[in-house]
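# Architecture at a glance
Letter by letter, the chains look like this.
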Amino acid sequence: QVQLVESGGGLVQAGGSLRLSCAASGRTFNMYRMGWFRQAPGKEREFVAAVYWSSGRTFYADSGKGRFTISRDNTKNTLYLQMNNLKPEDTAVYYCAADPIGPGTYDYWGPGTQVTVSS
C-alpha cells in the first residue's frame, strides 16, 4: 500500500506560481514512477507530468511544457510540481499518483489539492 497526501494548492493570479508537494508513505521502496494529474470542473482527469523514480526521467503533457517542472526527493519520498506562469485554464484539482511496481497503471492516488488561477 502507498499513501499519498498533496499540499501547496491555493488561489493565485494569472502569471503567478505555485509549488505542489506530494508526500508518499508506505510501500515506497523502489518506487517505479509517480505523476501529477488534474481534473477541471466538468472535464475528465488528464495527465500533467510524470517522473521515473530511479532515473529521474520526466514526461509532460503539452499544456505544461515550459511552465511546469516535476521533480522528486528520494530521501523524503516527496514529489513536487513547480508551476510557473499559471493560466486560468490551469484551474483544477491536482492529484498525485503512484505506480509502485510498473509498468502499468497508477494504482494509488492522493485526495487532491485545489489550484485556482484568477484572471
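Described in the following lines is the structure provided in the data block.

Scoring rules and cut-offs
- Residues numbered from 1 in each chain as written.
- Predicted model: local features only at pLDDT ≥ 70, side-chain atom pairs only at ≥ 80, totals over all residues.
- Heavy atoms only, no water.
- Helix = DSSP H or I, 4+ residues; strand = E, 2+ residues; numbered from the N terminus.
- Polar contact = N/O pair within 3.5 Å; in protein donor to acceptor, adjacent residues only side chain to side chain.
- Contact = heavy atoms within 4.5 Å.
- Salt bridge = Lys/Arg side-chain N within 4 Å of Asp/Glu carboxyl O.
- Buried < 20%, exposed > 50% of the residue type's maximum accessible area, 1.4 Å probe, protein only.
- Phe/Tyr/Trp six-rings, centres within 6.5 Å; stacked < 30°, edge-to-face > 60°.

### Overview of the side chain of D99
By the element assignment, D99 lies in strand β9 (residues 92–99). Reaching out from D99, the side chain makes a polar contact with the side chain of R33 at a distance of 2.8 Å. Reaching out from D99, the side chain makes a polar contact with the backbone nitrogen of G104 at a distance of 3.4 Å. Excluding residues that lie within four positions of it along the chain, D99 makes contacts with M31, Y32, R33, G104, T105 and Y106.

### Considerations on unusual backbone geometry
P103 follows G102 through a cis peptide bond whose omega is -20 degrees. In this structure, P103 sits in the loop between β9 and β10 (108–109). Phi at N30 is positive, roughly 55 degrees, even though this residue is not glycine. Here N30 lies in the loop between β3 (18–26) and β4 (33–39). Positive phi, close to 50 degrees, is recorded for N77, a residue that is not glycine. Counting through the fold element by element, N77 comes out in the loop between β7 (68–73) and β8 (78–83).

### Examining the pattern of salt bridges
All chains considered together, the criterion is met by five salt bridges. Between E46 and R38 there is a salt bridge, with the nearest N and O atoms lying 2.6 Å from each other. Under the relative-accessibility criterion, E46 is labelled partly exposed at 35%. We note a salt bridge from K65 to D62, for which the minimum N-O separation is 3.2 Å. Neither residue differs from the other here; K65 and D62 are each classed as exposed.

### Let's talk about the packing of aromatic side chains
Applying the stated rule across the entire model yields six aromatic pairs. Between F37 and F47, the aromatic rings sit 5.6 Å apart at their centres with planes inclined by 75 degrees, giving edge-to-face as the arrangement. Highlighted residues: F37 in strand β4 and F47 in strand β5 (residues 46–52), separated in sequence by 10 residues. Given a relative accessible area of 11%, F37 falls into the buried group. Judged by relative accessible area, F47 falls into the partly exposed class, the value being 29%.

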